[in-house]
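# Analysis of the macromolecular model
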Amino acid sequence: MRAVLVSLDGGSNIEITKDLVVVGRREDCDLFLDHKSVSKLHCVLAKTDNMLLLRDLGSTNGTRVNGQRVRRAALLANDQLQVASLRYKVQFVEDAFAAHAEEMTQQIDNSELLEALAKIKGGSLRDDQDSEPDLPAQVVRTNTLPDVIEEPAGKDDKPAK
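This report concerns the structure included in the present document.

Attention shifts here to the overall build of the protein. Along the backbone of the protein there are 1 helix and 11 strands. Ordered by position from N to C terminus, the α and β elements of the protein give β-β-β-β-β-β-β-β-β-β-β-α. Taking the intrachain contacts of the protein between residues at least 6 apart in sequence as the baseline, contacts between residues at least 24 apart amount to 45%. If you sum the accessible surface of the protein, you get close to 10800 Å²; carbon and sulfur atoms cover 49% of it.

Right, dumping it as structure tokens:
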């Protein structure tokens with residue numbers, strides 16, 4: 001799988017060649033983005049099968065996925081990534097399992113995840129409430145830190161100087 005960040009601002013496209021990429025304004029970063037709005041150590045991208053995992057490193061101007069400021073996220077094909085003021089669209093090339101053009105990342109809760117896993121195992125949790133499923137009671141642990149950062153009301157999206 002080749003992951004490519006397609007610039008939405010008319011800049012160069014960026015191919016993610018390494019499994020772990022440090023993104024920032026420092027020249028020794030794996031992905032050097034020479035723009036004043038980008039922090040020296042802005043975020044990290046980890047390439048996995050059919051997605052990129054993103055972790056913001058406490059950047060000043062933030063990282064956004066599909067318009068929502070995040071601390072961490074899973075990026076699928078056609079998701080929009082904004083590193084400070086630089087905008088990209090995530091693409092996967094030569095991958096038989098890439099998401100369709102209309103698909104985007106969405107959040108699901110624990111009950112939806114359990115239902116999907118039950119369907120994979122050949123049943124439905126709703127159809128058979130009396131029997132005990134083979135699934136753990138809690139598939140996903142809740143992280144105390146929010147993945148999405150709430151913006152204060154009235155704050156504009158201009159980067160800090």
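Now, onward.
Let us now look at the nonpolar core. Judged by nonpolar contacts, the single largest core of 25 residues is most densely connected at L5, I16 and L33. When residues no more than four places from it in sequence are discounted, the contact partners of L5 are N13, I14, I16, L31, L45, L52, L81, Y88, K89 and V90.

What follows deals with empty space enclosed by the protein. Taken as a whole, this structure holds 1 cavity of 30 Å³ or more when the rule is applied. When its volume is computed, the largest cavity comes out at roughly 30 Å³. Along the walls of the largest cavity sit L5, I14, V23, L31, L33, C43, L45, L81, V83 and Y88, which together make up its complete lining. Among the residues making up the lining of the largest cavity, the classes are represented as 10 nonpolar, no polar and no charged.

One ladder, built from 4 bridges, connects strand 3 (residues 20–24) with strand 5 (residues 43–48); its direction is antiparallel. Note that in strand 5 the partner of V21 across the bridge is L45. As consecutive antiparallel partners, strand 5 and strand 6 (residues 51–56) are separated by 2 residues, and within that stretch N50 has a phi angle of approximately 65 degrees, a positive value.

Quick look at the sheet that holds strand 8 (residues 68–70) now. The antiparallel open sheet is built from 6 strands, whose spatial order is 2-1-11-10-7-8. Only two strands of the sheet have a single partner each, and these edge strands are strand 2 (14–16) and strand 8. With direction set aside, neighbouring strand axes in the sheet form an average angle of 30 degrees. Pairing between strand 1 (residues 2–7) and strand 2: 3 bridges, direction antiparallel. By the bridge assignment, V4 is partnered in strand 2 with E15.

A word on the sheet that holds strand 4 (residues 31–32). In space, the 5 strands of this open sheet follow the order 4-3-5-6-9, with mixed pairing throughout. The open sheet is flanked by strand 4 and strand 9 (72–75), the only strands paired with a single partner.

Topologically, T63 is positioned in strand 7 (residues 63–65). On the basis of relative accessibility, which here comes to 0%, the residue T63 falls in the buried class. A polar atom in the side chain of T63 sits 3.3 Å from the side chain of H42.

Rules behind the numbers
Residues numbered from 1 in each chain as written. Predicted model: local features only at pLDDT ≥ 70, side-chain atom pairs only at ≥ 80, totals over all residues. Heavy atoms only, no water. Helix = DSSP H or I, 4+ residues; strand = E, 2+ residues; numbered from the N terminus. Contact = heavy atoms within 4.5 Å. Areas by Shrake-Rupley, 256 points an atom, 1.4 Å probe, with all protein chains shown as cover. Core = buried A, V, L, I, M, F, W, Y, C linked by side-chain atoms within 4.5 Å. Buried < 20%, exposed > 50% of the residue type's maximum accessible area, 1.4 Å probe, protein only. 1 Å grid on protein atoms, 1.4 Å probe; cavity = no way out; pocket = protein on both sides within 12 Å on 5 of 7 lines; lining within 4 Å. Points joined across faces, edges and corners; volume = space filled by probe spheres on them. Nonpolar A, V, L, I, M, F, W, Y, C, P; charged D, E, K, R; others polar. Pairing = 2+ DSSP bridges. Axes fitted to C-alpha atoms, helices over the stretch in contact; angles between N-to-C directions. Polar contact = N/O pair within 3.5 Å; in protein donor to acceptor, adjacent residues only side chain to side chain.

In short, the description is geometric, and any link to function would need to be established separately.
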